[in-house]
Amino acid sequence: MMDVTGQISAVERRIGDRTLPAGQARVLTIAQTYDAPVADVFDACTNPERIPRWFLPISGDLSLGGRYQLEGNAGGVVERCDPPHGFAATWEFGGEVSWIEVRLREAGPGRTRFELEHVAHVDDDRWAEYGPGAVGIGWDLALLGLASHFAADGTGVDPAAAAEWMASPDGLRFIAESSSGWTAASVEAGTPAEEARAAAARVQAFYTGTPAP
């Protein structure tokens, strides 16, 4: 059985900002350490035969400069590839472009620290409305998928059953605890607590299909 609280607690979440040529951008960082060597984690994140086993079906060209497409989600261009230490790509969805970078490093014998950074231009009004959980919960679900992929005891969430699992008591609790984690990160980054909690409630309602408060 999936240990929801254990998985949520295993993940680090940070919010920051960065100045890009096009202006100020928000930076969301999520990280977790896995019981797998760096080369294996890199392969799981870049091998088109393995990615659907923990994330989503993917098509396209995953080599440097190639364009990829995740089924029903984002697509983009691979901008940097540094095997087995990481890669960077654009993240194009809904007519908007943001950027992701994955960094991998050894965290002890046979262990790997996975860190993903998502950089996006988000205006103040939209940030106040939805906060980091709008994409953060989705990335939490992705790291859950990767943890399930590496689970030696066979526990975890099968991607094929992910939608059904998300509607289960464990899935709903996962979304709620992920939302709370991103709320804490938002407050730590300087968002007023009341504003952060209100944004989290709206995003959580979206993910669970319940009426927004």
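For the structure itself, consult the block above.
Residues numbered from 1 in each chain as written. Predicted model: local features only at pLDDT ≥ 70, side-chain atom pairs only at ≥ 80, totals over all residues. Heavy atoms only, no water.

Novice: Explain the sheet that holds strand β4 (residues 67–70) to me, please; I cannot follow it from the model alone.
Specialist: Pairing between the strands of a sheet comes from backbone hydrogen bonds, and it takes one of two forms, parallel or antiparallel. Strand order in the open sheet formed by eight strands is β1-β2-β8-β7-β6-β5-β4-β3, and the pairing between neighbours is antiparallel. Of all strands in the sheet, those bounded by a partner on one side alone are β1 (12–20) and β3 (58–60). For this sheet, the mean angle separating the axes of adjacent strands, direction not counted, is 25°. The sheet strands contacting helix α2 (residues 38–46) are β5 (75–82), β6 (86–93), β7 (96–106) and β8 (112–120), and the helix crosses β7 at an angle near 160°. (Pairing = 2+ DSSP bridges. Helix = DSSP H or I, 4+ residues; strand = E, 2+ residues; numbered from the N terminus. Axes fitted to C-alpha atoms, helices over the stretch in contact; angles between N-to-C directions. Contact = heavy atoms within 4.5 Å.)

Novice: So what exactly am I meant to see when it comes to the pairing of β1 here?
Specialist: Every other side chain in a regular strand lies on the same face of the sheet, so the side chains alternate between the two faces. Strand direction decides the pairing type here: β1 and strand β2 (residues 23–34), joined by nine bridges, are antiparallel. Its bridge partner being in β2, Leu20 is matched across the sheet by Gly23. Taking the residues between adjacent antiparallel strands as the criterion, β1 and β2 are bridged by two residues.

Novice: Would you take a moment to explain the packing of aromatic side chains for this structure?
Specialist: Any pair of aromatic rings gets described here by the distance separating the centres and the angle formed by the planes. Per the counting criterion, the structure on display carries seven aromatic pairs. Look at Tyr34 and Phe150: their rings are 5.8 Å apart centre to centre, the planes differ by 50°, and that puts the pair in the tilted class. Of this pair, Tyr34 sits in strand β2 while Phe150 sits in helix α4 (residues 133–150), and the two are 116 residues apart along the sequence. Comparing Tyr34 with Phe150 shows no difference in burial state: the two are buried. Taking the centre distance of 6.3 Å and the plane angle of 25° together, the rings of Phe55 and Trp139 count as stacked. One end of the pair, Phe55, is in the loop between α2 and β3; the other, Trp139, is in helix α4, and 84 residues separate them in sequence. These aromatic residues form a ring-pair network of at least three members: Trp54, Phe55, Trp91 and Trp139. Its guanidinium or amino end placed over the ring of Trp182, Arg13 lies 6.0 Å from that ring's centre, counting from NZ or CZ. (Phe/Tyr/Trp six-rings, centres within 6.5 Å; stacked < 30°, edge-to-face > 60°. Buried < 20%, exposed > 50% of the residue type's maximum accessible area, 1.4 Å probe, protein only. Lys NZ or Arg CZ within 6 Å of the ring centre and 35° of its normal.)

Novice: In this structure, what is going on with the layout of surface pockets? I would like to understand it.
Specialist: The gaps of empty space that remain are located by a probe, the size of a water molecule, rolled over the atoms. Put simply, the largest pocket is a space of about 1300 Å³. Lining of the largest pocket is provided by 43 residues; of these, Asn73, Ala134, Val135, Gly138 and Tyr207 occupy positions nearest its centre. Taken together, the elements giving at least two residues each to the lining of the largest pocket come down to β2, β6, β7, β8, α3 (124–130), α4, α5 (162–166) and α7 (193–208). Looking at the lining of the largest pocket element by element, the count peaks at eight residues for α4. Of the residues belonging to the lining of the largest pocket, the class tally is 29 nonpolar, nine polar and five charged. Roughly 350 Å³ of internal volume is contained in the second largest pocket. Together, 22 residues line the second largest pocket, and Cys45, Ile51, Ile58, Phe87 and Ile100 are the ones closest to its centre. Where the lining of the second largest pocket is concerned, the elements lending two or more residues are α2, β4, β5, β6, β7, β8 and α4. Taken together, the residues of the lining of the second largest pocket break down into 21 nonpolar, one polar and no charged. (1 Å grid on protein atoms, 1.4 Å probe; cavity = no way out; pocket = protein on both sides within 12 Å on 5 of 7 lines; lining within 4 Å. Points joined across faces, edges and corners; volume = space filled by probe spheres on them. Nonpolar A, V, L, I, M, F, W, Y, C, P; charged D, E, K, R; others polar.)

Novice: Please explain α4 as it appears in this structure.
Specialist: Three or four residues apart is the spacing at which side chains of an α-helix point the same way, because the helix has 3.6 residues per turn. Here α4 spans 25 Å end to end across 18 residues, near enough to the 26 Å set by a 1.5 Å rise per residue. The element α4 is largely enclosed, with a buried count of 15 among its 18 residues. (Expected span 1.5 Å × (residues − 1).)

Novice: Would you explain α7 in this entry?
Specialist: Counted at 1.5 Å a residue, the expected span for α7 with its 16 residues is 22 Å, and the 22 Å between its end C-alpha atoms agrees. Restricting attention to buried positions, one finds in α7 the residues Ala196, Ala199, Ala200, Val203 and Ala205. Buried positions along α7 lie against α3, α4 and α6 (169–188). Of the residues one or two after α7, Gly209 is the one with positive phi, at around 70°.

Novice: Would you mind going over the nonpolar core with me for this structure?
Specialist: One broad trend across soluble globular proteins is that nonpolar side chains are buried collectively. If you look at the biggest cluster of nonpolar residues, it comprises 46 residues, and the most contacted ones within it are Phe114, Trp139, Leu146 and Trp165. Counting residues per element, this core draws most heavily on α4, at nine residues. (Core = buried A, V, L, I, M, F, W, Y, C linked by side-chain atoms within 4.5 Å.)

Novice: Mind showing me how you'd approach the pattern of salt bridges here?
Specialist: Where charged atoms from two side chains of opposite charge come close, those side chains can pair. Here the structure, examined in full by the defined rule, presents 18 salt bridges. Ionic pairing is found between Arg111 and Asp35, a salt bridge with its closest N-O pair at 2.7 Å. Taken together, the positions of Arg111 in the loop between β7 and β8 and Asp35 in the loop between β2 and α2 put the pair 76 residues apart, joining distant regions of the chain. With relative accessibility at 58%, the residue Asp35 sits in the exposed group. With a shortest N-O distance of 2.6 Å, Glu101 and Arg80 are connected by a salt bridge. (Salt bridge = Lys/Arg side-chain N within 4 Å of Asp/Glu carboxyl O.)

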